[in-house]
Amino acid sequence: GRLEGGLCMPQEAFRVPVLRALVSLGGSARRKTVFERMAEQIGSQFNRYDREIIQGDWYTRWMNQAAWERQRMVYDGLLKDDSPRGTWEITPAGRAFLQQASENA
């Protein structure tokens, strides 16, 4: 169910990690592969609420948050909206956003 605010990583915190994962995977990857790369990169930041399984036997709360942020990134033009179902793909605008975020970090 829905958690009280602040108990898990906020949705917007997944924007840069999704983009970084995609770049490290060549710019395009299946959703589950993106999740695996993100877990390698930022998994130590997840708390017990983030790691809760909320669907099936593997789909966690953090994955759900990342998937919702992916949709926002499509709306913002950072990810392609015409990629095959289940495939996430970065756009040139997404690469520029990541570059700027890296410079400002």
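Please read all numbers here as calculations on a predicted model, not as lab measurements.

Enquirer: Hey, could you go over the nonpolar core for me, with residue numbers and the actual values?
Expert: Ranked by size, the top nonpolar core spans 23 residues in total, and within it Phe14, Val18, Leu22, Met38 and Leu79 carry the most contacts. Secondary-structure elements contributing two or more residues to this core are helix 1 (15–24), helix 2 (31–42) and helix 3 (61–75). Take this core: its biggest share by element is five residues, from helix 3.

Enquirer: Before we move on, could you go through the layout of surface pockets and cite the residues and values that matter?
Expert: In this structure, the largest pocket occupies an estimated 340 Å³ of space. In terms of lining, the largest pocket is formed by 16 residues, of which the most central are Arg31, Arg70, Arg85, Gly86 and Trp88. Secondary-structure elements contributing two or more residues to the lining of the largest pocket are helix 3 and strand 4 (87–89). For the lining of the largest pocket, the per-class residue count stands at five nonpolar, five polar and six charged.

Enquirer: Which residues make up the side chain of Thr91, and what values go with them?
Expert: Topologically, Thr91 is positioned in the loop between strand 4 and helix 4 (92–104). Non-local contacts of Thr91, meaning those with residues more than four positions away in its chain, are made with Gly77, Leu78, Leu79 and Lys80.

Enquirer: Give a detailed account of the packing of aromatic side chains, specifying residues and quantitative values.
Expert: This model, assessed by the stated rule, comprises seven aromatic pairs. When the centroid spacing of 5.5 Å and the interplanar angle of 90° are considered together, the rings of Phe35 and Trp88 count as edge-to-face. Taken together, the positions of Phe35 in helix 2 and Trp88 in strand 4 put the pair 53 residues apart, joining distant regions of the chain. A relative accessible area of 2% places Phe35 in the buried class. Trp88 sits in the buried class, given a relative accessible area of 4%. Measuring from centroid to centroid gives 4.6 Å for Phe46 and Trp62, while their planes differ by 20°, and the two rings are stacked. Here Phe46 is found in the loop between helix 2 and strand 2 (53–55), whereas its partner Trp62 is found in helix 3, with 16 residues between them in sequence. Accessibility classification places Phe46 together with Trp62 in one group, the buried group. Through successive ring pairs, a cluster of aromatic residues spans Phe14, Phe35, Phe46, Trp58, Tyr59, Trp62 and Trp88. The lysine or arginine in question, Arg15, covers the ring of Phe97, its NZ or CZ lying 5.8 Å from the ring centre.

Reading the values: rules and limits
Residues numbered from 1 in each chain as written. Predicted model: local features only at pLDDT ≥ 70, side-chain atom pairs only at ≥ 80, totals over all residues. Heavy atoms only, no water. Core = buried A, V, L, I, M, F, W, Y, C linked by side-chain atoms within 4.5 Å. Buried < 20%, exposed > 50% of the residue type's maximum accessible area, 1.4 Å probe, protein only. Helix = DSSP H or I, 4+ residues; strand = E, 2+ residues; numbered from the N terminus. 1 Å grid on protein atoms, 1.4 Å probe; cavity = no way out; pocket = protein on both sides within 12 Å on 5 of 7 lines; lining within 4 Å. Points joined across faces, edges and corners; volume = space filled by probe spheres on them. Nonpolar A, V, L, I, M, F, W, Y, C, P; charged D, E, K, R; others polar. Contact = heavy atoms within 4.5 Å. Phe/Tyr/Trp six-rings, centres within 6.5 Å; stacked < 30°, edge-to-face > 60°. Lys NZ or Arg CZ within 6 Å of the ring centre and 35° of its normal.

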